[in-house]
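# Secondary and tertiary structure notes
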Amino acid sequence: MSSVAQPVILVVARDPRVRAAIVAELERRYAADYGIEQADDDAAAATRIDDIAARGAHLALILADRAGDVDGRSLFARARTRFPDVRRGRLIEWGQWGDAAVRDEILSLMGAGELEYYVIRPWHSPDEYFHRTITEFLLEWERSIGLRPREVAVIGRAGLPRTHELRSLLARGGVPHEWLEPETDAARTRLAAAGVGEVPDRPIVVMLDGRVLRDPGNAELAEAYGLTTSLGDDPSADVVVVGAGPGGLAAGVYAASEGLEVLIVERESIGGQAGSSSLIRNYLGFSRGISGSELAQRAYQQAWVFGARFAHAREAVAMEAGESGFVVHVAPEDAIRCRAIVLATGVSYRRLDVAGLEAFEGAGVYYGASAMEAQWMVGRPVFVIGGGNSAGQAALHLARYAASVTLLVRGSGLAESMSQYLIDQLAAQGVEVRTRVEVVGGGGDGVLERIRLRDRDTGVEVDEACGGCSCSSARRRGPAGFPRASSAIVGGTCSRAPT
Ligand SMILES: Cc1cc2nc3c(=O)[nH]c(=O)nc-3n(C[C@H](O)[C@H](O)[C@H](O)COP(=O)(O)OP(=O)(O)OC[C@H]3O[C@@H](n4cnc5c(N)ncnc54)[C@H](O)[C@@H]3O)c2cc1C
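Residues numbered from 1 in each chain as written. Predicted model: local features only at pLDDT ≥ 70, side-chain atom pairs only at ≥ 80, totals over all residues. Heavy atoms only, no water.

## As for the sheet that holds strand E18 (residues 381-385)
The condition is simple: Between any two strands, pairing holds if DSSP finds at least two bridges. In this description a helix means any DSSP run of H or I spanning at least four residues, a strand means any run of E spanning at least two, and both kinds are numbered starting from the N terminus. With axes taken as lines fitted to C-alpha atoms, and helix axes fitted only over the stretch in contact, angles between N-to-C directions fall between 0 and 180 degrees. What makes two residues a contact is simply this: any of their non-hydrogen atoms within 4.5 Å.
Pairing is parallel in the open sheet, where 5 strands are placed in the order E17-E24-E18-E19-E20. A single partner strand is all that each edge strand has here, and the edge strands are strand E17 (365-367) and strand E20 (432-434). Neighbour-to-neighbour, the strand axes of this sheet turn through a mean angle of 20°, independent of strand direction. Two strands pair when backbone bridges link them, and E18 and strand E24 (residues 468-471) are joined in this way by 4 bridges, in the parallel orientation. Among the inter-strand pairings, Val 382 is bridged to a residue of E24, identified as Gly 468. Strand contacts of helix H12 (residues 389-399): E18, strand E19 (404-408) and E24, with the helix running at about 165° to E18, the strand carrying the most contacts.

## Some points on the sheet that holds strand E6 (residues 152-155)
Ordered in space as E7-E6-E8-E9, the 4 strands form an open sheet in which the pairing is mixed. Edge positions in the sheet fall to strand E7 (177-180) and strand E9 (212-214), since each of these pairs with one other strand and no more. For this sheet, the mean inter-axis angle between neighbouring strands, taken without regard to orientation, is 20°. In terms of strand pairing, strand E8 (residues 204-206) meets E9 through 3 bridges, oriented antiparallel. Opposite Ile 204, over in E9, you have Arg 214 as the bridge partner. Against the sheet, helix H6 (residues 161-172) makes contact with E6, E7 and E8, and its axis sits at roughly 165° relative to E7, the strand it touches most.

## Digging into the environment of His 131
To be explicit about the condition: Only protein chains enter the accessibility calculation, which uses a 1.4 Å probe; a residue is then buried when its area is under 20% of its type maximum, exposed when over 50%, and partly exposed in between.
Note on placement: His 131 falls in helix H5 (residues 128-145). You can call His 131 buried: its relative accessible area is 3%. Along the sequence, His 131 and Arg 29 sit 102 residues apart, while their C-alpha atoms lie 8.3 Å from each other. Ignoring sequence-local partners within four residues, the contact set of His 131 consists of Glu 25, Arg 29 and Tyr 30.

## What to know about the UniProt feature "domain: FAD/NAD(P)-binding" (unreviewed entry) in the protein chain
Let me state the cut-off plainly: UniProt positions are given in the numbering used here, feature names are shortened, and annotations may be inferred rather than shown by experiment.
In the numbering used here, UniProt assigns the "domain: FAD/NAD(P)-binding" (unreviewed entry) feature to residues 238-451. Note that residues 238-451 is 25% helix and 29% strand, and that its end C-alpha atoms are spaced 50 Å apart.

## A few points about the packing of aromatic side chains
Just so we agree on the cut-off: The rule is short: rings of Phe, Tyr and Trp, with Trp giving its six-membered ring, pair when the centres are within 6.5 Å, and they are stacked under 30 degrees, edge-to-face over 60, tilted in between. Ring-over charges, as used throughout, are those where CZ of Arg or NZ of Lys falls within 6 Å of the ring centre and within 35 degrees of the ring normal.
For the coordinates displayed, the defined rule picks out 6 aromatic pairs. When the ring of Tyr 283 is compared with that of Phe 286, the centres are 6.1 Å apart and the planes differ by 35°; the resulting orientation is tilted. In this structure Tyr 283 comes out as partly exposed when scored by relative accessible area, which is 45%. Given the relative accessible area of 22%, Phe 286 is considered partly exposed. Here the guanidinium or amino end of Arg 121 rests over the ring plane of Trp 123, the centre of that ring lying 4.6 Å away. One Lys or Arg, Arg 288, reaches over the ring of Phe 137 and ends 4.3 Å from the middle of that ring.

## Structural notes on the pairing of strand E21 (residues 437-443)
Residues in a regular strand project their side chains so that they alternate between the two faces of the sheet. Among the 7 residues that make up E21, 5 are buried, leaving the element largely enclosed by the rest of the structure. In the sheet, E21 pairs with strand E22 (residues 450-455) via 6 bridges, with the strands oriented antiparallel. Bridge pairing in E22 links Val 439 to Leu 453. Hairpin remark: E21 followed by E22, antiparallel, with 6 residues in the connecting loop; positive phi at Gly 446, about 90°.

## Re the domain arrangement of the protein chain
Defined as follows: Each domain's extent was defined by an automatic or database domain assignment. Reported buried area values correspond to the accessible surface (1.4 Å probe) lost by two parts on association, with both partners' losses combined. The salt bridge definition used is simple: a Lys or Arg side-chain nitrogen within 4 Å of an Asp or Glu carboxyl oxygen.
If you check the domain split of the protein chain, you get domain 1 (8-145), domain 2 (152-224), domain 3 (236-346) and domain 4 (358-476). Averaged C-alpha coordinates put domain 2 and domain 3 at centres separated by 27 Å. Contact residues are listed per partner, giving 8 residues for domain 2 and 10 residues for domain 3. Summed over both sides, the interface between domain 2 and domain 3 buries roughly 650 Å², with carbon and sulfur atoms accounting for 54% of that surface. The largest share of the area that domain 2 buries against domain 3 comes from Leu 169, Arg 172 and Gly 173, three residues that together contribute 67% of it. Counting across the domain 2 and domain 3 interface gives 1 salt bridge. We note a salt bridge from Arg 172 to Glu 268, for which the minimum N-O separation is 3.6 Å.

## Topic: the packing of H12 against helix H13 (residues 420-428)
As a reminder of what qualifies: Orientation is classified from the angle alone, with under 35 degrees giving roughly parallel, over 145 giving roughly antiparallel, 65 to 115 giving roughly perpendicular, and any other angle giving oblique. The sense of a crossing depends on the near helix, which, turned anticlockwise from the far helix by less than a right angle, makes the crossing left-handed and, turned clockwise, makes it right-handed.
At a closest axis distance of 10 Å, the pairing of H12 and H13 adopts a crossing angle of 30°. Considering the angle they form, H12 stands roughly parallel to H13. Note on packing geometry: the crossing formed by H12 with H13 is left-handed. Across from Asn 389, Gly 392, Gln 393, Ala 395 and Leu 396 in H12, the residues of H13 making contact are Leu 422, Gln 425 and Leu 426.

## Details of the site of the ligand
To keep it simple, the criterion reads: Residue proximity to a molecule or strand is established when one non-hydrogen atom of the residue lies within 4 Å of it. Side-chain atoms alone can form a polar contact between residues adjacent in sequence; in general such a contact is a pair of N or O atoms within 3.5 Å, and within protein one must be able to donate a hydrogen while the other accepts it. Using a 1.4 Å probe, accessible areas were evaluated by the Shrake-Rupley method; residue-level cover was limited to the displayed protein chains. Nonpolar residues are Ala, Val, Leu, Ile, Met, Phe, Trp, Tyr, Cys and Pro. Charged residues are Asp, Glu, Lys and Arg, and all others, Gly as well, are polar.
Neighbouring the ligand are 30 residues; Gly 247, Glu 266, Asn 282, Ala 316 and Gln 393 lie closest to it. Between an oxygen atom of the ligand and a side-chain N or O atom of Glu 266, the distance comes to 2.6 Å. Within the side chain of Asn 282, one N or O atom sits 2.8 Å away from a nitrogen atom of the ligand. Isolated, the ligand exposes 990 Å² of accessible area, and the fraction of that covered by the protein chains is 84%. The set of elements that each furnish at least two residues to the shell around the ligand consists of helix H9 (246-257), strand E16 (347-349) and H12. With 3 residues, H9 is the largest single contributor of residues to the shell around the ligand. Of the residues assigned to the shell around the ligand, the class counts are 10 nonpolar, 16 polar and 4 charged.

Listed below in structure tokens is the structure:
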């Protein structure tokens, strides 16, 4: 039995021998950090879930050999209602993926957003394949819930936009961090240990080694956790890639793997739009899905080990043809010579451009919906603006945490702009979809509390209580001085060695 504070892994299996084998395998590897608990039927499992919540512990992972049914809801749905960050695995026997009924059940549960994935039960001990699956689940859970002390602490007020910006930069850059409200005991302890006596008005970042950054700029923050912002002395490269979203990172990996000297310039954080995606399910090779920031981190490391250089928190502002190639100008006043440029500048979110709402950016109005924004939305009525896949994904992610989620769409439906699997999941998760509607105003006392909606057909306007608003409507926009392009290559073929 676990201690009160220990997070729990719950095993639900009817066959006592199978259950004992799984529990034994989990205890061998995880008992020091997790309570391993078990149940043999749906009712016992439901009671166990309620008990875990009642004693203030967290359910990190539930492994069940069936979806179960308690009061008309599956065990997996019940677990997530109690524990929004829980990971859920459907236990199967080896080879059972060929069983049509099992396959249909798994696909339908995943389609409804009630299951993360299936887990083949251990067949021998130790079963490293089983443990790989479990470890991945636990890593995702820990990243999502952020319970344990982290390398970096951001101490700043929740409603302060700069607090949100700093956290967003760290989260999208894949830097584990904890966030503390300045007036809490935990923040005071952390500040005192770092030698800060006062309660700060502006955000403070405390690094693992005790360094204190007072309201740092983006470049200062990036440098503090070991990223390079400099272009180097007398900078030149074979290829300059502008933008470190998935497109730019892919260009960097392939160019560097061919032995070319590559410099990737990124003005915000690696991953681009993908960095704010909670779960990308349709990227080849990641059958369970992968968070955008994790995908970006892997691509970043891949480019790095091929020797690509990065200039983080730097904006390319112009380019021109030089005598033997091109020159890319990087703000404030650097330049780099190169033989080819890859423009991978992607798209930027369309700003809401609604009087009364812009002031709440970072204080209830967010562009995107990562784990960090979700923390703000816990228990609040939330609106997601947009009809595309990113809006659908944001709505599904926030539905785990918010009291209610309503998707606001200017058009008359989702079918033309959103993938069917997301439309199905929205319906299954009870996300309300309102069509032919637009946001025309909003307000609140320091943080967003309400929004004003206009019916595009009748012109009627209504105010709605709103604890958070995620804007997921993007448009293609190239940077100043550059052609409008998501990914374009400027220059000719770049061979391995200059000729
Ligand atoms: C919430 C969300 C969920 C999504 N989910 C999915 C999904 O499940 N499946 C899927 O296939 N796609 C998904 N997408 C879309 C996917 O993320 C994009 O298609 C992809 O990120 C495009 O990559 P990109 O590199 O072309 O551009 P971007 O990701 O837009 O990256 C462009 C980068 O360039 C940088 N930049 C721009 N101008 C400059 C400049 N002048 N100097 C320096 N840097 C600059 C930006 O800061 C940015 O980092 C999602 C998008 C969002 C927002």
